[in-house]
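Single-letter residue listing:
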Number of protein chains: 2
Amino acid sequence: MSTANTIERRLTRRVCVGNVPIGGGAPVTVQSMLNTRTVDVEGSVRQATELVEAGCDLVRLAVPDEESATAFGEIARRTRLPLIADIHYSCRLAHLAIDNGAKKIRMNPGNMHNREELKELARRMAGEGIPVRVGVNGGSLDPAFAGQDECDALVNSALDSVELFESCGLRDIVVAIKASDVRTMVSANRKLSAVTDCPLHLGVTEAGTLRTGLVKSSAALGILLSEGIGDTLRISLSAPPVEEVHAGKTLLRCLGLRSDCVDVVACPTCARTEIDVAALAAAVERATASVRVPLKIAVMGCPLNGIGEGKDADLGVAGGREKSVIMRDGKIYETVSSELLMPHFMMLVDDYIAELLSKKA
Amino acid sequence: MSTANTIERRLTRRVCVGNVPIGGGAPVTVQSMLNTRTVDVEGSVRQATELVEAGCDLVRLAVPDEESATAFGEIARRTRLPLIADIHYSCRLAHLAIDNGAKKIRMNPGNMHNREELKELARRMAGEGIPVRVGVNGGSLDPAFAGQDECDALVNSALDSVELFESCGLRDIVVAIKASDVRTMVSANRKLSAVTDCPLHLGVTEAGTLRTGLVKSSAALGILLSEGIGDTLRISLSAPPVEEVHAGKTLLRCLGLRSDCVDVVACPTCARTEIDVAALAAAVERATASVRVPLKIAVMGCPLNGIGEGKDADLGVAGGREKSVIMRDGKIYETVSSELLMPHFMMLVDDYIAELLSKKA
């Protein structure tokens, strides 16, 4: 039992991307973007499937040209999730993407210069129930807002686009203000959240390599989510997209915003560590990546904290020099030779999950 | 120019670990812990040196036995930073560690059961100006506090220890409440911060593998630091300790709490990417890890956001299919064949930093 605060989420209007709701009290969703060439249909379908299996809720693809729009259609037909088209500069490509099954269009109105074309597109989207994500980005801000304080410029540019779309009857609007600077991104989203009821898409852009990007994104999004801000998110990384999904799910789980995945706690290694914690924890993470039940597994290198953490987990290991202790449902389950710990424990993990899933079914 | 909020840090009493201040307005420090065996003097000195070079401010070592205490002395003589001894169960080992040059003792009074011995140790530490870090851990909580709400138990256990040490004249106390659950850790530290002026050491314990641990720790510590809570930190990872240092520095930098390091922004790869962003960004990170000047380097895969981000950075790359653009001080510096981009840009990075450092010297 704990008085750990539950996050009170800000209420936003609900927008549906195909059958996936964003905002209006829906669980925060995890997005990612393919890094395959969209024209590479086989590669794109393969990566999209991998993301779905890792727990991604919404997948985005770039549509930089006509050929990509056609490929988008083929990929959409072969993917279980609603797909989002990423459009720059061209309303024509947005129309083509919708013709080919796009369930949401992400665009930065700051770089769509023909207002009449944009309004026509918005009216079509309103008619067909296709939502838009207004993406305002520190790196490509509409020149009309240059000169303002950066946070204000980002917020005002976003609001300007929201107004434009609403004037065309399109109210299914998700807004994203992204910046590579964490403080700018956090401040701008706080300001935006105070003045709109559109659901917010959170992301730090150009966050960097895995090790740098995870830190920046988790800090920025963690701060906002803890304040109840944010309805959907992408952890942008210069790394395989499946890492973005893993990180997004981990973030939501650790903040208590999602519970449908496995939590692997593992100790930092120190001089007391008696087993290869990192290898065992990684093996457990791999084996449980696609499992959609709440479960806590503790991999601990020594008995000191191992027994205590193990008691708190569904399954646990407390490593020892010769013998290691395996815990199950908070109790000591068996003591095994440390040499045999890895295969032994992995078998138990598989069995435990199989039992859980059969109970659930 | 930006209205991004500056964090207003809570004022705590100042504690000095050797010549490194914690609290009282000092910059937030980054700690790590060796995962070598302390008796392995050569290995430990090598790892400590590696951490110092990566920008670690304080290094901790486990002292599980007498032999380790002696080795601690040898390692302390050969390391540039003040070393902290990690002690469990035994006041005798704490005394030995101090005899051997420990500049701070980390202990969990919850597992030091002889109160008289503990008071004697505290009086010695007060006399010799050796601070203590009271480490209270969800996994090894003093049984006296069992039955309470978990956050309250953690806070009350910490306060109880603070009182004990203060009653012996020892006021140089840093407090850490760690838990593997992010929400518990955040809530407990908020509560603690409201009732003590001791500097707080932040950490999520058993945070997990690199990819999981970075997310949990950055979210938890990001939330607390953004509220002004926290004077020193460790990002615990089941990974090489140098990763803990990199993560800690990145976190502080992105929140604007430290500026003495290089910020590498890199785009997530997408269908527009024309160069190997991850490889180039990683190379830049490696080449600049030990540089202690504020610098922003943008590695972008395409011209779309690349030019904009590059303008905002000291050095930047905007990749292109055949030619890539290199930016310097916000202006286009040169256009090179994309094949030659990596060696070309890395040379520029080296030159730029050499110039900066020579100006600084």
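The rules behind the values
- Residues numbered from 1 in each chain as written.
- Chains lettered and ligands numbered in written order.
- Predicted model: local features only at pLDDT ≥ 70, side-chain atom pairs only at ≥ 80, totals over all residues.
- Heavy atoms only, no water.
- Helix = DSSP H or I, 4+ residues; strand = E, 2+ residues; numbered from the N terminus.
- Rg over C-alpha atoms; globule rule 2.2 N^0.38 Å.
- Buried < 20%, exposed > 50% of the residue type's maximum accessible area, 1.4 Å probe, protein only.
- Contact = heavy atoms within 4.5 Å.
- Buried area = accessible area lost by both parts, 1.4 Å probe.
- Salt bridge = Lys/Arg side-chain N within 4 Å of Asp/Glu carboxyl O.
- Polar contact = N/O pair within 3.5 Å; in protein donor to acceptor, adjacent residues only side chain to side chain.
- Nonpolar A, V, L, I, M, F, W, Y, C, P; charged D, E, K, R; others polar.
- pLDDT = per-residue confidence, 0-100.
- Domains from an automatic or database assignment.

For this particular structure, what's the right way to read the overall build of chain A?
Within chain A, the secondary structure is distributed over eleven helices and 15 strands. The C-alpha atoms of chain A give a radius of gyration of 23 Å, which matches the 21 Å a tight globule of 361 residues would have. Principal axes of the C-alpha set define a box for chain A whose edges measure 75 × 40 × 35 Å. The burial tally for chain A puts 63% of its 361 residues in the buried class.

I would appreciate a short explanation of the interface of chain A and chain B in the present structure.
It is common to give the size of an interface as the accessible area that goes away when the parts come together. Taken together, the contact between chain A and chain B spans 81 residues of the former and 81 residues of the latter. When the area that chain A buries against chain B is broken down by residue, the three leading residues are Arg183, Glu206 and Arg211 of chain A, summing to 11%. Seen at the junction of chain A and chain B, the total is seven salt bridges. We note a salt bridge from Asp263 of chain B to Lys216 of chain A, for which the minimum N-O separation is 3.0 Å. Joining chain A to chain B, the criterion identifies 16 residue pairs in polar contact (both at pLDDT 80 or more). Those elements that provide at least two residues to the side of chain A that touches chain B are helix H5 (150-167), helix H6 (182-195), helix H7 (210-226), helix H8 (241-254), strand S11 (262-266), helix H9 (277-288), strand S12 (295-300) and helix H10 (303-311) of chain A. No other element matches H7 of chain A, which puts ten residues into the side of chain A that touches chain B. Of the residues belonging to the side of chain A that touches chain B, the class tally is 32 nonpolar, 28 polar and 21 charged.

What am I meant to see in the confidence of the model for chain A here?
Detail in the predicted coordinates should be disregarded across regions flagged by low pLDDT. Here chain A averages 91 in pLDDT, while 98% of its residues score no lower than 70. As a predicted assembly, this complex carries a pTM of 0.87 together with an ipTM value of 0.87.

Looking at this model, I keep getting lost on the environment of Arg77 of chain B. Mind explaining?
Residue and element names in this part refer to chain B. Tracing the backbone shows Arg77 in helix H2 (residues 66-77). Residue Arg77 is classed as exposed on the basis of its relative accessible area, which comes to 62%. Sequence spacing of Arg77 and Ser236 is 159 residues, and the spatial spacing of their C-alpha atoms is 26 Å.

What is the right way to read the domain arrangement of chain A from this model?
All names here are of chain A. Domains assigned within chain A are domain 1 (15-254) and domain 2 (262-356). Relative to domain 2, the C-alpha centre of domain 1 lies at a distance of 38 Å. Taken together, the contact pairs seven residues of domain 1 with six residues of domain 2. Of the roughly 400 Å² buried where domain 1 meets domain 2, counting both sides, 30% is carbon and sulfur surface. At the boundary of domain 1 and domain 2, one finds one salt bridge. We note a salt bridge from Arg253 to Asp263, for which the minimum N-O separation is 3.2 Å. Taken together, the connections running from domain 1 to domain 2 amount to two residue pairs in polar contact (both at pLDDT 80 or more).

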